[in-house]
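# Inside the fold
Spelled out from the first residue to the last, the chains are:
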Amino acid sequence: SMRVRGANLDAHLAGFAGQPSEIRELLLATIDLLDCLDRHGVQHNDLWSSNILVLPRGPRGAGPGALRLVALDFGAARLRLPFGVGDEDALDDTLA
């Protein structure tokens, strides 16, 4: 299994200074995470701060040093298919 280093969003927010630039960065990272899930047709169904991992800052995403968030715990997730395509229940079984 792959290991990813970082703290969950609860731990990150415990040390959060709340500066306007930090708030903006956190909002943009959250929007990026939600957009990524949506573009991949994932309906998470259990997304809250302890199910979000804050990765060390790096060159991916919005630029060098950008905050990166990763969703965890896909146990309640469902895949959305384009309207009229396939059987969603069959895909849900593959996620379980």
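Scroll up for the structure.
Notes on the structure in this doc start here. (Residues numbered from 1 in each chain as written. Predicted model: local features only at pLDDT ≥ 70, side-chain atom pairs only at ≥ 80, totals over all residues. Heavy atoms only, no water.)

## A short note on helix H2 (residues 20–39)
Applied cut-off: Segments assigned H or I by DSSP are reported as helices when at least four residues long, segments assigned E as strands when at least two residues long, and all are numbered from the N terminus. Multiply 1.5 Å by the residue count of a helix minus one, and that product is the helix's expected span. Buried means the residue's accessible area, taken with a 1.4 Å probe over protein chains only, is under 20% of the maximum for its type, while exposed means over 50%, and partly exposed covers the values in between. The arc in question is the one spanned by the directions pointing from the helix axis to the C-beta atoms.
Across its 20 residues, H2 extends 28 Å between first and last C-alpha, which sits within 8% of the 28 Å expected from 1.5 Å per residue. Among all positions of H2, only Leu26, Ala29, Leu33 and Leu37 are buried. All buried residues of H2 lie within an arc of 70° about the axis, which places them on one face of the element. In H2, the exposed positions that point more than 90 degrees away from the buried face belong to Pro20, Ser21, Arg24, Leu27, Ile31 and Arg39.

## Re the pattern of salt bridges
This is how it is decided: Any Lys or Arg side-chain nitrogen found within 4 Å of a carboxyl oxygen on Asp or Glu counts as a salt bridge.
For the coordinates displayed, the defined rule picks out 2 salt bridges. Of the charged contacts, one joins Arg39 and Asp35 as a salt bridge, the two residues approaching to 2.8 Å between their closest N and O atoms. In this pair, Arg39 and Asp35 both sit in helix H2, 4 residues apart, roughly one turn of the helix. By relative accessible area, which is 54% here, Arg39 ends up exposed. Residue class for Asp35 comes out partly exposed when judged on its relative accessible area of 35%. Where Arg80 meets Asp38, a salt bridge forms, and the shortest distance between an N and an O atom there is 2.6 Å.

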